[in-house]
Structures are given as structure tokens and as C-alpha cells.
Amino acid sequence: MAIVAQTSNLGKIFWPALAWLISIIFFFPIFWMVLTSFKTDADAVKPEFLIFFKPTLENYFNMTDNYDYWRFAINSTITSIFATLFSLFVGVPASYVMAFNPTKNTKNILIWMLSTKMLPAAAVLYPMTFITKNFLNIYDTHFLIILVLCLINLPIVIWMLFTYFKEIPKEIIEASRMDGVNTWGELKEIIIPLAWGGLASTALLCFIFCWNEAYWTVRLTTNEAATLSKLIEGNRAPEGLFFGRLSAVSSAAVAPIVILGWFCQRQLVKGLTFGAVK
Amino acid sequence: MAKLKIKNLKKSYENEQIIHGVNLEIKDGEFVVFVGPSGCGKSTLLRLIAGLEEITEGEISIGDKVVNEIAPSKRGVAMVFQNYALYPHMNVYKNMSFALRQARMNKDEINRRVKNAAEILQISDFLLKTPRSLSGGQRQRVAIGRAIVREPDVFLFDEPLSNLDAALRVNTRLEIARLHKRLGTTMIYVTHDQVEAMTLADKIVVLNNGKIEQIGSPIELYENPLNMFVAGFIGSPKMNFLNSKTLTKNISTIVKGAKREDIIGIRPEHLLKTTYTKSIISARLDLIENLGENVLVHMILNNDDQIIAKMNTAPKEPIGTKLHFTANIKNLHLFNKK
Ligand SMILES: Nc1ncnc2c1ncn2[C@@H]1O[C@H](COP(=O)(O)OP(=O)(O)OP(=O)(O)O)[C@@H](O)[C@H]1O
Ligand SMILES: [Mg+2]
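Let me begin by describing the structure that accompanies this report. Values in this document were obtained by computation on a predicted structure and should not be read as measured data.

Turning next to the sheet that holds strand E14 (residues 281-290) of chain B. All names here are of chain B. The sheet built from 5 strands is open, its strands ordered E13-E17-E14-E15-E16 with antiparallel pairing. On the outer flanks of this sheet lie strand E13 (272-274) and strand E16 (306-311), each paired with one strand and no other. Looking at each pair of strands side by side, their axes are set apart by 50° on average, direction ignored. Pairing geometry for strand E15 (residues 295-300) and E16, over 6 bridges, is antiparallel. Its bridge partner lying in E16, Val 297 is registered against Ala 309.

In C-alpha cells:
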């Protein structure tokens, strides 16, 4: 008995300590980034571990005054929102069909969709740039960014929605069909209300992915449709002279998404625990 | 209300045939029960009638209309699912009125029908509750209510009682019987519980491996089972099957014209204790189960087969003693082994 008590005491200290340690390791870079964003560029490059310094908002003013932060932020918001909406618009019917009217090929189609994520993005960089610039003339437009974000995220959106839809008991769908609901009504009255939590978390995740996407948004824009990723990229100086400025830009770029996640957290948990009555 | 006709119905999933040519006629207002062991295709047959599965071959007509190509909601059938399948995000009233709202019926009529059904089922007090806050029995009533408000021609029940506890099951069974009396609507009811089948049915359809073994009233099936499958399935405890080697007399002297390879079936309640000279079988006493009103006596034949006798009082003999039994000639069933 004593041994059991001892190990559980050890567990009481050991596991929380480990959890804290890991959290700190993960959190520290972000903390450091935010801290640096309040330093002058001169302070920021100092090699010592500088925690106490005279904070300044100069980097932030500089960012909004000289770099047009808001335009990038608006571009990010527009492209992320529309890409998310469009992904759901295509993803909901697609996963609905696969979940409730599956055929022999449904599994293959799902795997095929996922397989598109296995191709390295760099492999299609040249054709993408070439085609959008020279043939379609949509390079550096919101439309292109929305389309690309949508295509990147669709496989994940469909996979997630598919799993959420699968959790709805088949009998409930059948009961509604016997009650004379048409396809649109079935989606509106039964599936969307029942999968609400799943839809919300899918939408949120898709939005976060869109917001954070950097590979394509950086390479397929120059100015007009440039997003916050592009702004960060533009402030990156390999000599490391503008760490303060870069940190401010980065902090301002992740802030909206962190705040959004924070507020939606509760909403999501609530949504996800709304289980079906079996 | 309507009669229902099934002609040479077949159903296959991919390469596997599940229903092998079923023919069945159900009269208007009849209470028909499908029974059979698990996996025999009862639910599949019901779902074919409901329109939830596509018919591979054959024809189903309700009233005078062939419904093969008609959508489930337009067939005039309503189904009660085994696990209720209530809409969890709607309250009881909304659950019950869902079909009517889909059909764009006017509000007063919807209200009248829901109130009426709720009264019949005694769920008027729960109309504003969500399914989650109801007990199993209450949910089952809501599910039945959802079917009633549609005023269908045919009710379909798929094992509606199997999720309820024993006491509630008996109660709900009686209520379904009453409901049938009251509405007079054709009902098709799937179960694998032969007691439910015997007590509820006007007509029982015994299914096995996707084929109909026998159709008849409960009494017909009990008294004149066509084959050993039906004989063994209907009645509890199961009918005893005796091959001629286990009998104490020559089989042809017990039943005229019986051959050596035939089997005699005797229900446990028809075995009568007697002396060796008058007996047709003898068996070693193995175990006595006292059920209160009567006693199940388990015995072992000389070929190690088990038989059961249902008696009013327990035999006084010690375990291991040979007991001797006979039976009334009209209670003997002769089967030839396939
Ligand atoms: N969608 C399906 N795809 C393939 N096979 C199926 C499908 N649905 C049912 N089956 C098969 O059809 C057979 C009959 O199933 P069914 O559900 O009708 O049996 P049941 O008589 O209702 O059994 P139970 O008493 O267990 O409910 C089973 O062997 C089952 O495996
Ligand atoms: Mg079944």
C-alpha cells in the first residue's frame, strides 16, 4: 500500500511538472516574440537575455503608419472568410453524399482527396505561377487566393465533415426520409442542426488554416491581394537587424486568430457535446 | 387503411442474396408479425416495404398501387424504429409534427392530430420536452406518436420493444395491441420474440434465411407447424424432437404410417408422466426448474439428447432416476427429416 501511495505522490508532482515544462517550452518563443515586439530594434538585437527594458510601441506605430498593416489584415480576413465559406459550400454537400449515400468508390474518393495533400506544394509552384500569371491573368487577385486556399483545405474540410456526419445515426436520417423531407430539408432541418458543433469546428479550423497559410499567399501575390503572411515575409531581414519590427508584425498577425480561437473554444466544446440521442 | 401484397420479392446486397422470393398477402386491418432468428431478413423485408431499401426483383403493392418506385413518404406507411430515431434537437411536439409540417398541413390540423395522438399515448405532459430528457418507454411512445399523427395506411414496427426492460415490455405490448384495436390500421411488426408474436399477431409469418417457412394464425402455427423449424421456433420451451431410436416403442405403433427415419415432436407441456409399459419415451431426470406456477423438468435421453417436460408439480424421484412419459396422440407431430 505504501508503495502505491508513494508512486501516486510522485505522479502528483511529476506529471504536472512535466506538463508545465512542455507548455513553457512551447509557449516561450511566442512569449519572446511578443516581448521583443515592444523593444526598440537596438534592444532587440542585443545578445543578452533581456527581460527588463524600456518598452516602446514604436514598432506598432511604425507598422500601421508605414507598412499599411490594415490593408494586409483586411486581405487576410476577406480571403480566409470567403475561402472558408466556399469550402463549406462545396464540402457540406460532398461529405453529405459520401456519408449517407455511399457507393463502392466512396472510400477511394476520400483517400484520393487526401492523397492530394501528399504532393509537395513546391512541385506545382512553377505551373501555378506560370498559368495564373500568363494565361488566366488572375495572379495577385483575391479570387486566386480564395480559390487556392479553398482547394488546399477542401480535403480536410470534407474529411472532417464526413466523420461528423457519419456520427449521426442512420435511423434518424431514415426516419426523416419517411417523414417526407426532401434533400435540402434533410440538410437544413436534420443534418446541419445535428452536426452544428462539427460544422463550427470545421469552419474554425479551416479559417485558421487559411489565415496561417504562407506558402501560396506569399508566392502568388505581390501587392493587391497580399495577406499578413506576405507582410511578415516582407519584414524578414536575413541580417536580423529589425527583430523588433518583425516581432510586432508577427504578433499582430497571429493576434486575431488567437483571440478568435480563445472565444470560440467554449462555443466549440458546447457544440461538440451536443450528442444525438440513440 | 389498405391491404398489402408482396409478389416474388427478392433482395440482394452486392452478390449476396438476402431475401429469396417472398410471397405474402396482408389483409386490410390485419396485425402481422414477422418472426425468425437473427439475420433471417425480417428487418430487410420491413425496410423494403417502407421503401428504405431498393427492391432487387419482384413487386410490393399497397392498396392497389405498386409502390416499387414510390418514395417512402408517399407510400402511406409509417415506421417505428428499434432505437426510436427521434430527432434529438426537436422537442416532442416538433418531433411528432415534423412529417405534417413537411407536408405543409395547416397548423390547426397539425395541432389537433398531435394533441390527439399525445392523449392516446399519454404523453401530453411531455410535449415540450426534448427526447433526451425522456425515459426509454416515453421515447418509444413518442416514436409511436410520430407514426400515428401521419394517419398511415400501414404501420411498420421494427422490434419496438427490444430496448425496454421486461416489465415495460409487457405493458407496451398491451398498449400496441390496444392501439391496433382502436385504430384498426394494418400493422406489420418485426420481432424475434415468439411471445410477442403469439400475443399480438392475427397472422404470423415465420422467416428463415430469407424465405417464408410458414404463414398462419398463432394457433395454427402452434398446433400444426409445417416443419421442424417452425415447430422449434414457436412455443416456449422449445418442442422436443425424438428420433425413433430414442422411443420405447416402435415408431409405427405410436403414429400410423411413420417410418423409422421420421422424427416425432412433442411440446414440453404435452408430455404426460406414466408407467414404463404405457410410455413412449423414457429419460433420466437431470434438473428441475421451478417456475412457481409450473415446473420445467430437464431430462436426458439414452442418446444424450435433452428433453424438457412442463409439469404442474415436480416429480418426487431423485435426480438420475428414469422417468416415463406418454402423450395424447393429437399432440404428436410427425416430421420427416430432410
Ligand atoms: N446494408 C447491408 N449490406 C449488406 N448486407 C446486409 C445489409 N443489411 C443487412 N444485411 C444482411 O442481411 C441479412 C438480414 O439482415 P436483417 O437485418 O434483415 O436481419 P434481421 O432478421 O432483422 O435480424 P435481427 O433479428 O438481428 O435484427 C443479414 O445477414 C445482414 O448481414
Ligand atoms: Mg432486425
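All names here are of chain A. The N-to-C vectors of helix H8 (residues 170-178) and helix H9 (residues 183-194) enclose an angle of 160°; their axes lie 11 Å apart at closest approach. Taken together, the axes of H8 and H9 lie roughly antiparallel to each other. Crossing geometry of H8 relative to H9 is assigned as right-handed. Every residue of H9 that contacts H8 at Ile 172, Ile 173, Ser 176 and Arg 177 is listed here: Glu 186, Ile 190, Ile 191 and Leu 194.

Attention now goes to helix H4 (residues 136-148) of chain B. It helps to recall that an α-helix has 3.6 residues per turn; residues three or four apart then point in one direction. Counted at 1.5 Å a residue, the expected span for H4(B) with its 13 residues is 18 Å, and the 18 Å between its end C-alpha atoms agrees. Most of H4(B) is tucked away: 10 of the 13 residues are buried. Buried residues of H4(B): Gly137(B), Arg139(B), Gln140(B), Val142(B), Ala143(B), Ile144(B), Gly145(B), Arg146(B), Ala147(B) and Ile148(B), and no others. Of the surrounding elements, those touching the buried residues of H4(B) are H8 of chain A together with strand E6 (77-80), helix H2 (92-102), helix H3 (107-121), strand E7 (154-158) and helix H5 (166-183) of chain B.

This part takes up a nonpolar patch on the surface. Residue and element names in this part refer to chain A. A cluster of nonpolar residues, Trp 20, Ile 24, Phe 27, Phe 28, Ile 30, Phe 31, Val 34, Phe 49, Ile 51 and Phe 52, forms a patch on the protein surface that exposes about 1100 Å² of accessible area. Tracing the chain through its elements places Val 34 in helix H1 (residues 2-37). Residue Val 34 is classed as partly exposed on the basis of its relative accessible area of 32%.

The geometry of an aromatic ring pair is captured by the separation of the ring centres together with the interplanar angle, meaning the angle of the planes. Residue and element names in this part refer to chain A. Here the structure, examined in full by the defined rule, presents 18 aromatic pairs over all chains. Relative to Tyr 60, the ring of Phe 38 has its centre 5.5 Å away and its plane inclined at 40°; by these criteria the two rings are tilted. With a gap of 22 residues between them, Phe 38 in the loop between H1 and helix H2 (41-44) and Tyr 60 in helix H3 (residues 58-66) connect regions that are remote in the sequence. In this structure Tyr 60 comes out as buried when scored by relative accessible area, which is 18%. With centroids separated by 5.2 Å and ring planes inclined at 85°, the aromatic side chains of Tyr 215 and Trp 216 adopt a geometry described as edge-to-face.

Residues and elements named next belong to chain B. Summed over the entire model, instances satisfying the criterion amount to 18 salt bridges over all chains. Between Lys 3 and Asp 64 there is a salt bridge; the shortest N-O distance is 3.1 Å. Pair noted here: Lys 3 is in the segment before strand E1 (4-13) and Asp 64 is in the loop between strand E4 (57-62) and strand E5 (65-66), with a separation of 61 residues, a long-range link. A salt bridge links Glu 59 to Lys 7; the shortest N-O distance between them is 3.7 Å. You can see Glu 59 sitting in strand E4 and its partner Lys 7 sitting in strand E1, a full 52 residues away along the chain.

Scoring rules and cut-offs
Residues numbered from 1 in each chain as written. Chains lettered and ligands numbered in written order. Predicted model: local features only at pLDDT ≥ 70, side-chain atom pairs only at ≥ 80, totals over all residues. Heavy atoms only, no water. Pairing = 2+ DSSP bridges. Helix = DSSP H or I, 4+ residues; strand = E, 2+ residues; numbered from the N terminus. Axes fitted to C-alpha atoms, helices over the stretch in contact; angles between N-to-C directions. Parallel < 35°, antiparallel > 145°, perpendicular 65-115°, else oblique. Left-handed = near helix turned anticlockwise from the far one by under 90°. Contact = heavy atoms within 4.5 Å. Expected span 1.5 Å × (residues − 1). Buried < 20%, exposed > 50% of the residue type's maximum accessible area, 1.4 Å probe, protein only. Patch = residues over 30% accessible without salt bridge, like charges linked within 9 Å, V, L, I, M, F, W, Y side chains within 5 Å. Areas by Shrake-Rupley, 256 points an atom, 1.4 Å probe, with all protein chains shown as cover. Salt bridge = Lys/Arg side-chain N within 4 Å of Asp/Glu carboxyl O. Phe/Tyr/Trp six-rings, centres within 6.5 Å; stacked < 30°, edge-to-face > 60°.

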